[in-house]
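Results of the structural survey
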Amino acid sequence: PLSPPPPIHPNPYPNTFHSLLTLAFLENNMTTIYTDCDSSSYYSGLPSASSSSLESKIHDLIKSTHRNVLPYTSNSGDDDVWSALMDIDGWGSRVRLIYRAILMDDNLKGKPEGWNREHLWPKSYGVGYSGADFTDIHHLRPADWGVNAARGNKQFGSCSDSSDCRIPANDEAAADTSSDTNRWKPPAAVRGDIARALFYMHVRYDGDDDPDNKDLVLSDCPSQYSARLGYLSELLRWHTEDPVDSAEVTRNLKVCERYQGNRNPFVDHPEYVTPIFGEPKSDGEINCFDPTSSPTPSPTSPGVSPTPVPPPNPTPAPTSAPPPPATEGACNGLRPGDVIPIAMNSENPDSVIFLPLVDLPQFSTVYITDNAWTGHAFYLNEGTESFTVPEGGIQRGTTFGFKVGAYGSSWMEDNPDRSFALSTQGDTILVYCFNADADGHINTNDWSSVNFLSGLSTGVGGWAPRESMDDSSDYDFGTSHSAVPTELEGFAAPALPRKKNYGLSLKVKSCKAQTSCTREEVLSTFMNLDSWEGSNTDGYNSGLVDKVYTISDSEKGGGWLGGINLTDAMLVGIGVVFVLILSCVVMLLCKARRGGTKQHGQVPQRFELATSKGANLREVGPGPNRHVAGRRKSSKGVQHDHLRLAVSQGLGNARRSSKNKNMDLV
């Protein structure tokens, strides 16, 4: 019988790690599925290490022999990533944690106090959610939940700033680890293992497997947008300092025979590394292109052909300086109220539609979460998704969706073990980004750098009370409540009655210009509960996604949310003309009625007009201002013009001619 493993301590058996793993492999009963995994014959068709076709031939080999893609989680009891990791990285009923160098009970899988599945190549740097790269065991390892969260998507490398360097990298991490805002250095005993796993990923995945797969590239100039992970030169040094040992060889064999059918060639043939990736570079030799303007691999990365630089633009330089380039993954000037949710659906499949009220800079990253905000940190019991704005940015007023529309599948899950799932009984949505520091670094684990953009509550009782944000409070937020971030309160975080689905009704005519709305008017509508239409049966208007609207940037406004069409504009114009004409008529009538000189006096109750030849008389108008009008007939029966006599307060003297034919008003 084998000897039991050493006791579990924060820093146990640092010198016996690989021997323990070797014993664990021997102890487990290895069920062989693929019988052609012997290293002596597996590589028989490859050219020599000096061949220029070596990399492409290795790619073809490890892709064609990758015959089984494991499910991430199986509900049927079949093999999945969980069971595979417990097998190949396990010791009896425990698993080895990659960044802690300890063993942990495997029944703690998926629990916050336990362990989860670490993607050595982060999902946010190109690994998809449906392809073989997502569940490729060659780059997956068991990791302590909290330590894995501390690593996040940091690049592998040594601290670049000693004043910001943390040793160990996390309170629970191994003693010889370190980290700063951008880099993560794992324990020395596994640095070479990690490097060779990433070399495998670089060659195995070139974007030709699946639409969800990207061309994964190792580089000294990392870029989240173009799937470039760093730092290559550091990994090359680790490959030399921590060479392959028997435990790594055994793991490689088991992945091939038991699970996938392919091997990691850089474990079996370490000499392949230099011909493909070159020699490590010093800091002085690394000269990265600006990743925001050149998303292609850096020409300084070993083994990568440089991209030709276009000739200078002969046109004159602009008179004003161009805006500074966006910092990849950061807010880049976004502020509270700049991105708001205008529709949500909590019935599967969950979806959210967003309306940006400003231009979104390219490569900026927006996050959404249904985790609770406590006032100084997030709960980590639910999910978070992130969306990186594509090259060229997104124009203000162009709506985009989560799980719906053109960008619906472009969101990246922060942790597959904690999914973003809105409760039909009410939930909260917080939209935020991370501010970069003075050096352009982003630390997604530093809650003080969170910049909230907007929020939405559909839970019973709305946002949690303010006292819940006190450090001494033991308020239980659960899974449906959150404190409202201070910068959003009363401004960009409405609390709606509980409904499963909501859509915001934004009406142009409610705005000042009546044909357009400003950013401030949109936010006012956003906060007005009467502007929301909710339902427990009908979903929101799906036509809201991927619409291009115009948001005005002045008080006068511009066409907004569809504006008004030509017919509406003509009707408005006709209405304005009609009102003007009617006003003029009323003014003329009033002026006519006010004719004559006002004087004090009595107005006769009845005014009679006598002529030599009778006339038809009538009294017109009641009250103090009235007139009489008559029409007189000649002897021949011909009607003469009207005789109109104004009668008003202070009537002057009336006189007749001697022949009683004419009447004059004096």
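Up top is the structure.
Together, Val 577, Ile 581, Val 585 and Leu 589 make up a nonpolar patch on the protein surface, roughly 360 Å² of accessible area in all. Relative to the helices and strands, Ile 581 is located in helix α12 (residues 566–593). Given a relative accessible area of 52%, Ile 581 falls into the exposed group.

In this section: the sheet that holds strand β19 (residues 501–504). If you trace the 5 strands from one edge of the open sheet to the other, you get β15-β12-β11-β19-β20, paired in antiparallel fashion. A strand with exactly one partner marks an edge of an open sheet, and here the two such strands are β15 (400–402) and β20 (532–535). Taking each pair of neighbouring strands and ignoring which way they run, the sheet shows an average axis angle of 30 degrees. Of the pairings in the sheet, the one linking strand β12 (residues 351–356) to β15 comprises 3 bridges and is antiparallel in character. The residue bridging Ile 353 from the neighbouring strand is Gly 401, located in β15. Here helix α11 (residues 519–527) sits on the sheet and contacts β11 (339–345), β12, β19 and β20; the angle it forms with β11, its principal contact strand, is near 35 degrees.

Attention now goes to the side chain of Thr 369. Checked against the element boundaries, Thr 369 lands in strand β13 (residues 365–369). A polar contact of 3.0 Å, which involves the side chain of Thr 369, links it to the backbone nitrogen of Asn 371. A polar atom in the side chain of Thr 369 sits 2.8 Å from the backbone oxygen of Gly 383. Contacts of Thr 369, omitting those with residues within four sequence positions, involve Phe 378, Gly 383, Thr 384, Phe 420, Thr 428, Ile 429, Leu 430 and Tyr 432.

Along a regular strand, successive side chains alternate from one face of the sheet to the other. Along β19, one buried face is formed by Asn 501 and Gly 503 and the opposite face, lined by Tyr 502 and Leu 504, is buried too. Two strands pair when backbone bridges link them, and β11 and β19 are joined in this way by 3 bridges, in the antiparallel orientation. When the bridges of β19 are listed, Met 344 appears paired with Tyr 502. As judged from the 4 bridges shared by β19 and β20, these two strands associate in the antiparallel manner. By the bridge assignment for β20, Tyr 502 is matched with Gly 534.

Here we take up helix α7 (residues 232–241). Most of α7 is tucked away, with 7 of its 10 residues classed as buried. For α7, the set of buried residues is Leu 232, Ser 233, Glu 234, Leu 235, Leu 236, Trp 238 and His 239. Looking at the buried positions of α7, the neighbouring elements they touch are β6 (155–156), β8 (183–185), α6 (188–204), β9 (217–218) and α10 (273–277).

A few words now on the packing of aromatic side chains. In this structure the tally under the stated criterion is 27 aromatic pairs. Where Phe 400 meets Trp 411, the ring centres are 6.5 Å apart and the plane angle is 25 degrees; that geometry is what we call stacked. Highlighted residues: Phe 400 in strand β15 and Trp 411 in the loop between β15 and β16 (412–413), separated in sequence by 11 residues. Overall, Phe 400 belongs to the buried group, its relative accessible area being 0%. A residue is classified by how much of its surface remains accessible, and Trp 411, at 5% relative accessible area, is buried. Taken together, the ring pairs connect Phe 354, Phe 387, Phe 400, Phe 402, Tyr 407, Trp 411 and Phe 420 into an aromatic cluster. Lying across the ring of Trp 82, Lys 109 places its NZ or CZ 5.1 Å from the centre.

Turning next to the pattern of salt bridges. One pass over the structure, following the stated rule, counts 14 salt bridges. A salt bridge links Arg 335 to Asp 338; its shortest N-O distance comes to 3.8 Å. Its relative accessible area of 43% is what places Arg 335 among the partly exposed residues. Taken together, the shared-partner salt bridges connect Arg 335, Asp 338, Arg 519 and Glu 520 into one network.

Let's shift gears to the packing of helix α4 (residues 81–88) against helix α8 (residues 246–260). Taken N-terminus to C-terminus, the directions of α4 and α8 make an angle of 140 degrees; their axes are 11 Å apart at the nearest point. With respect to α8, the element α4 is oriented oblique. Helix-helix and strand crossings are classified by hand; for α4 and α8 the assignment is right-handed. The segment α4 lies against α8, with Ser 83, Ala 84, Leu 85, Asp 87 and Ile 88 engaging Arg 251, Lys 254, Val 255, Arg 258 and Tyr 259. Of the residues in the contact of α4 with α8, the class split is 5 nonpolar, 1 polar and 4 charged.

A word on the environment of Gly 383. Inspection of the secondary structure puts Gly 383 in the loop between β13 and β14 (384–388). Under the relative-accessibility criterion, Gly 383 is labelled buried at 0%. Through-space distance from the C-alpha of Gly 383 to that of Pro 416 is 8.2 Å; in sequence the pair is 33 residues apart. Residues in contact with Gly 383, not counting those within four places in the same chain, are Ile 368, Thr 369, Asp 370, Asn 371, Arg 418, Ser 419 and Phe 420.

What follows concerns the packing of α6 against α7. Between α6 and α7, the shortest axis-to-axis distance is 8 Å and the interhelical angle comes to 125 degrees. As far as their axial angle goes, α7 and α6 are oblique. In this structure, α6 meets α7 at a crossing whose hand is left-handed. Contacts from Arg 191, Gly 192, Ala 195, Arg 196, Leu 198 and Phe 199 of α6 reach α7 at Leu 232, Leu 235, Leu 236, Trp 238 and His 239. Of the residues that constitute the contact of α6 with α7, the class distribution is 7 nonpolar, 2 polar and 2 charged.

Quick look at the pairing of strand β17 (residues 428–434) now. Across the 7 residues of β17, 7 count as buried, placing the element largely inside the fold. Burial along β17 is two-sided: the face carrying Thr 428, Leu 430, Tyr 432 and Phe 434 and the face carrying Ile 429, Val 431 and Cys 433 are both buried. Examined bridge by bridge, β13 and β17 share 3 bridges and lie antiparallel to one another. What sits directly across from Thr 369, in β17, is Leu 430. When β17 meets strand β18 (residues 450–457), the two strands line up antiparallel, connected through 7 bridges.

Parameters at a glance
- Residues numbered from 1 in each chain as written.
- Predicted model: local features only at pLDDT ≥ 70, side-chain atom pairs only at ≥ 80, totals over all residues.
- Heavy atoms only, no water.
- Patch = residues over 30% accessible without salt bridge, like charges linked within 9 Å, V, L, I, M, F, W, Y side chains within 5 Å.
- Areas by Shrake-Rupley, 256 points an atom, 1.4 Å probe, with all protein chains shown as cover.
- Salt bridge = Lys/Arg side-chain N within 4 Å of Asp/Glu carboxyl O.
- Helix = DSSP H or I, 4+ residues; strand = E, 2+ residues; numbered from the N terminus.
- Buried < 20%, exposed > 50% of the residue type's maximum accessible area, 1.4 Å probe, protein only.
- Pairing = 2+ DSSP bridges.
- Axes fitted to C-alpha atoms, helices over the stretch in contact; angles between N-to-C directions.
- Contact = heavy atoms within 4.5 Å.
- Polar contact = N/O pair within 3.5 Å; in protein donor to acceptor, adjacent residues only side chain to side chain.
- Phe/Tyr/Trp six-rings, centres within 6.5 Å; stacked < 30°, edge-to-face > 60°.
- Lys NZ or Arg CZ within 6 Å of the ring centre and 35° of its normal.
- Parallel < 35°, antiparallel > 145°, perpendicular 65-115°, else oblique.
- Left-handed = near helix turned anticlockwise from the far one by under 90°.
- Nonpolar A, V, L, I, M, F, W, Y, C, P; charged D, E, K, R; others polar.

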